[in-house]
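Coordinates in review
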Amino acid sequence: MNSQKDALQVLKETSRTFYIPISLLPNDLKAAVASAYLCMRAIDEIEDHDALDNTTKAQLLRAISLSLQTGTGGHGDRFGADWGASRDRLPEVTQRVDEWAKLAPPSIAPRIWDATAAMADRMAYWAECNWTIRTVADLDSYTFSVAGAVGLLLSDLWAWYDNTQTNRTDAIGFGRGLQTVNILRNAREDKARGVDFFPDGWTATEMQAYARHNLEMADRYTESLPPGPALNFCKIPLVLAHGTLKTLALGKEKLSRDDVMQLIGQVTGR
């Protein structure tokens, strides 16, 4: 229990969007989703790190993937050896990735290791090509790599916990929709570091339409869920994604903290 409390504290420090829905889940499911989120946040911090070159990012990501592929949840000592001089530049959530991998119940942990390893390999590919996106197919590939696959993992976690069944195509849309809203929200910062996720010729108008299309799938995914923890979880990031997209369409940069808490309150009744 102490390890789960510690993980939730790190989660709270890294994500205001996902801390609340994860913290409200039943205990075993909470451990599994927290493990998945923190593992993926750990590798995401490498992908987005502003002080690491792309070659180093790819090396670090592949080291994590290979360690997770041992099927034991990773080895902290091996990470330390592979990370070398980069270790001190990595945030806590990344340095402790082996702990997050071992947080989930043993019966579902290997699925989380597999998903994280696959995502780390995909991130390494995108780092090596400097996230070059020219076509809609490129955008589809990237958003599947880092988010659509998360939707599939969530579906597996719901099924593992209480046999909740989902439409897996809509699960991909759920992940893609949330990721596209993040792309729109972070577009200015991404361009400042030389990365542009917009296909050639696209403006915010086309990217917002792409986000809306995928959020329609996310709506279907969520609306099809029976009452229970999966539905309670999905409603919160989805309402925040819709709220953020509306705010961006009005020319504002992001939701205020008060806006976020108000939207979460509408979903949770708190």
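Fair warning: this is a prediction, and the values are worked out from it, not measured in the lab. Along each chain, the written sequence defines residue order, and numbers are assigned to residues from 1. Side-chain atom pairs in this predicted model are given and counted only at pLDDT of 80 or more, local residue features only at pLDDT of at least 70, and totals for whole chains, interfaces and linings cover all residues. The basis for the side-chain values is all heavy atoms of the structure; hydrogens and waters are excluded.

**Digging into the pattern of salt bridges**
So the rule is basically this: Salt bridges are defined as contacts in which a side-chain nitrogen from Lys or Arg sits within 4 Å of a carboxyl oxygen from Asp or Glu. Runs of E in the DSSP output that reach at least two residues are strands. Runs of H or I that reach at least four are helices, and both are numbered from the N terminus. Buried means the residue's accessible area, taken with a 1.4 Å probe over protein chains only, is under 20% of the maximum for its type, while exposed means over 50%, and partly exposed covers the values in between.
For the structure on display, the rule yields twelve salt bridges. Between Arg41 and Glu45 there is a salt bridge; the shortest N-O distance is 3.0 Å. With Arg41 and Glu45 both in helix 3 (residues 27-47) and four residues apart, the pair spans about one turn of that helix. A salt bridge links Arg168 to Asp156; the nearest nitrogen and oxygen atoms lie 2.9 Å apart. On the criterion of sequence distance, the pair formed by Arg168 in helix 10 (residues 168-185) and Asp156 in helix 9 (residues 136-162) is long-range, its members being twelve residues apart. The class for Arg168 is partly exposed, based on a relative accessible area of 38%. Taken together, the shared-partner salt bridges connect Asp6, Glu92, Arg96 and Glu99 into one network.

**Structural notes on unusual backbone geometry**
At Asn130, a residue that is not glycine, the phi angle is positive and equals roughly 55°. Turning to its location among the elements, Asn130 is positioned in the loop between helix 8 (109-128) and helix 9. If you check the backbone angles, Asn163 has positive phi at about 65° while not being a glycine. Its location among the elements puts Asn163 in the loop between helix 9 and helix 10. According to the relative accessible area criterion, Asn163 is exposed, its value standing at 55%.

**Structural notes on the environment of Tyr142**
Threshold: We call two residues in contact whenever any of their non-hydrogen atoms come within 4.5 Å of each other.
With respect to the helices, strands and loops of the structure, Tyr142 is situated in helix 9. Looking at Tyr142, the relative accessible area reads 3%, which means it is buried. A sequence separation of 37 residues divides Tyr142 from Gln179, and the C-alpha atoms of the two residues are 9.8 Å apart. Setting aside chain neighbours within four positions, we find Tyr142 in contact with Glu47, Trp126, Trp131, Ile133, Gln179, Ile183 and Phe197.

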